[in-house]
Amino acid sequence: MERVVILGGGPAGISAAKLLRGFRPDWEVTMVRPEPSSVIYCAIPYVVEGLLDIDRICKSDDIVTDTGTNLVKEKATKVDFDGKTVTTEGGKVLPYDKLLIALGARPLMPPLEGLSGAKNVFPVKTEEDLRAILEAITPNSRKALIVGAGNIGIEMAQAMNRRGLETSIVEMAHHVLPAMMDLDMVADVERELRGRGIDLMTGVGVKSFDRSGDVISKAHLTDGGAISLNEYGEDDLIVMSVGVRPEVELFKGTALPMGPMGVIVDDKMETGIPDVWAAGDVCQYSSFLDGEIVGGKLATNAVPMAKVAARNMVGLEWNYQGFVNGAVTVVDPLRIGGVGFSEEACRKKGLDVVIGRGKTTTRFPMMPGATEVTVKLIFKRDGKLIGGQVVGGEAVAERIDTLTMAIKAGFSAKDLMSFDYCSQPWQTFFPASNAIVAAAEDGWSKLI
Ligand SMILES: Cc1cc2nc3c(=O)[nH]c(=O)nc-3n(C[C@H](O)[C@H](O)[C@H](O)COP(=O)(O)OP(=O)(O)OC[C@H]3O[C@@H](n4cnc5c(N)ncnc54)[C@H](O)[C@@H]3O)c2cc1C
């Protein structure tokens with residue numbers, strides 16, 4: 001019998017607990033998690049919007065305890081790697097034989113003048129953040145400023161807009177979704193956002209904030225502009241969605257190997273400290289594509305990492321292959337997705353790439369509800385697929401998954417040209433016009 005302690009109750013911690021208890025029902029697995037419940041963070045914007053009740057995204061403890069895992073609802077305050085113990089805020093000392101660190105990441109609050117301690121600024125992560133945002137939106141709220149136009153920023157902006165607030169987005173990059181998409185693929189997305197009255201400013205950052213007591217009254221922008229808030233004492237809000245930082249405070253001054261993006265692990269999710277693994281957002285990891293350290297704080301990376309860690313913890317040989325970073329979002333009626341490297345990222349890396357494009361309709365063109373879908377594929381000079389982006393009315397996520405599999409299988413433009421697919425009027429592209437195949441053919445024609 002081994003004693004395992006899991007630090008963190010997010011997707012990584014929960015996935016590992018399930019697997020460990022499944023493999024080794026005789027092991028004593030204990031999860032330490034301070035929150036009252038495990039929250040489905042991805043659905044937070046839909047609670048803010050009013051589509052879902054908060055209870056729908058707060059999972060019952062059964063998700064953990066039904067696996068036979070013990071749950072300690074406390075914050076871990078100390079880890080003694082030599083003595084192999086975890087100490088909690090409430091003074092519990094939990095001995096372990098094996099430890100999994102799955103503490104996630106917290107929203108980055110940049111050191112901007114006027115930001116610290118302001119009452120109307122909100123990060124988006126925890127149940128507490130969510131409850132604070134819900135409470136802050138009152139009948140007296142008029143404006144919402146969203147800083148950062150990544151997936152979370154875009155989704156929060158739509159939520160605020162749907163709540164009837166005058167919503168602005170300020171994004172430092174030259175277009176929305178800069179980590180996932182290229183400029184040429186988001187023109188329709190930006191048009192949709194502006195079309196519903198969201199004031200989208202790209203290529204502009206927030207320089208500083210003015211305060212009126214404990215609330216922010218103005219955001220000064222890097223282009224000399226400004227956005228006024230709370231001018232007449234309203235309950236206006238600012239949402240910060242400019243990235244996340246790994247939750248590693250606990251390990252300062254310890255021997256745990258750490259990089260700028262988190263705990264350093266090998267492909268078995270081992271940290272180098274005996275019997276200590278780490279998985280999920282708390283980790284720094286590299287790209288599947290070129291082995292370089294790359295961002296990838298996604299639930300869809302956290303879960304596979306945790307499964308690799310759990311399998312290795314029970315003695316199975318398992319390896320994590322790196323981030324491919326398939327991700328999707330929605331700006332109704334558009335679905336938007338990207339995987340691998342964008343063309344812009346490739347150019348920054350000095351990679352010589354060829355672009356293939358395909359456009360068709362989501363269903364057979366004569367079917368009710370058929371809308372346009374555009375596919376962009378990015379190939380290296382040797383023909384290997386290195387990235388893909390899809391924007392369209394439906395089934396974008398499935399296509400991103402297809403491209404993810406193609407990238408991981410090492411597919412070239414030629415391989416994708418003979419990719420076999422199914423077809424049916426309600427559900428797919430027209431048989432003679434598969435947008436992935438068309439984009440591969442377009443790319444291949446530029447490679448030969
Ligand atoms: C608004 C929002 C939308 C998102 N949308 C998507 C999406 O659509 N798709 C996607 O793939 N990803 C999305 N993500 C990212 C995704 O939620 C994270 O990548 C994922 O939760 C990471 O899982 P994790 O288990 O590594 O860490 P987390 O889920 O962050 O879990 C960390 C756990 O550690 C606990 N913890 C922290 N400190 C301590 C401590 N000292 N002691 C004990 N426990 C501690 C926390 O309470 C938490 O339970 C979104 C995130 C947010 C905030």
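No experiment lies behind these values; they were computed from the predicted model shown.

### Quick word on the overall build of the chain
Reasoning step 1: Each helix and strand counted, the chain has eleven helices and 29 strands in total.
Reasoning step 2: In terms of C-alpha radius of gyration, the chain reaches 23 Å, essentially the compact-globule figure of 22 Å for 448 residues.
Reasoning step 3: Here the C-alpha coordinates of the chain stretch approximately 65 × 60 × 40 Å along the principal axes.
Reasoning step 4: Across the 448 residues of the chain, 44% fall into the buried class.
Reasoning step 5: In the chain, the proportion of contacts linking residues at least 24 apart, taken out of those at least 6 apart, comes to 65%.

### Structural notes on the UniProt feature "domain: FAD/NAD(P)-binding" (unreviewed entry) in the chain
Reasoning step 1: Residues annotated in UniProt with the feature "domain: FAD/NAD(P)-binding" (unreviewed entry) correspond here to residues 3–305.
Reasoning step 2: Along residues 3–305 the backbone is 20% helical and 30% strand, and the end-to-end C-alpha distance reaches 21 Å.

### Quick notes on helix α6 (residues 187–195)
Reasoning step 1: Taken residue by residue, α6 has Val189, Glu190 and Leu193 as its buried positions. What you see down the axis of α6 is that its buried residues fit within an arc of 95 degrees, all on one side. Opposite the buried face of α6, at more than 90 degrees from it, the exposed residues are Ala187, Arg191 and Gly195.
Reasoning step 2: On its buried face, α6 sits against α5 (151–162), β14 (199–202), β25 (327–331), β26 (334–340) and β29 (385–392).
Reasoning step 3: Taken from the residues just after α6, Gly197 is the one with a positive phi, measuring 95 degrees.

### Points about the UniProt feature "domain: Pyridine nucleotide-disulphide oxidoreductase dimerisation" (unreviewed entry) in the chain
Reasoning step 1: Annotation from UniProt places "domain: Pyridine nucleotide-disulphide oxidoreductase dimerisation" (unreviewed entry) at residues 329–418.
Reasoning step 2: Helix makes up 28% of residues 329–418 and strand makes up 40%, while its end C-alpha atoms are separated by 29 Å.

### Description of the pairing of β14
Remember that side chains alternate between the two faces of the sheet whenever the strand is regular.
Reasoning step 1: Note that strand β13 (residues 166–171) and β14 share four bridges and pair parallel. Looking across to β14, one finds that Ile169 is bridged to Leu200.
Reasoning step 2: Crossover handedness for the path β13 to α6 to β14: right-handed.

### Quick notes on the site of the ligand
Reasoning step 1: As a matter of local geometry, the ligand sits amid 33 residues, with Gly8, Gly10, Ala12, Gly104 and Gly280 nearest to it.
Reasoning step 2: In terms of residue class, the shell around the ligand is made up of 19 nonpolar, seven polar and seven charged.
Reasoning step 3: Inspection of the shell around the ligand shows a minimum of three residues originating in each of domain 1 (3–106 + 245–314) and domain 2 (121–242).

Criteria and cut-off values
- Residues numbered from 1 in each chain as written.
- Predicted model: local features only at pLDDT ≥ 70, side-chain atom pairs only at ≥ 80, totals over all residues.
- Helix = DSSP H or I, 4+ residues; strand = E, 2+ residues; numbered from the N terminus.
- Rg over C-alpha atoms; globule rule 2.2 N^0.38 Å.
- Buried ≥ 20, exposed ≤ 12 C-beta atoms within 10 Å, placed from the backbone.
- Contact = placed C-beta atoms within 7 Å.
- UniProt positions renumbered as here; feature names shortened; annotations may be inferred.
- Arc of directions from axis to C-beta.
- Pairing = 2+ DSSP bridges.
- Right-handed = clockwise from strand over helix to strand, strands pointing away.
- Near = placed C-beta within 6 Å.
- Nonpolar A, V, L, I, M, F, W, Y, C, P; charged D, E, K, R; others polar.
- Domains from an automatic or database assignment.

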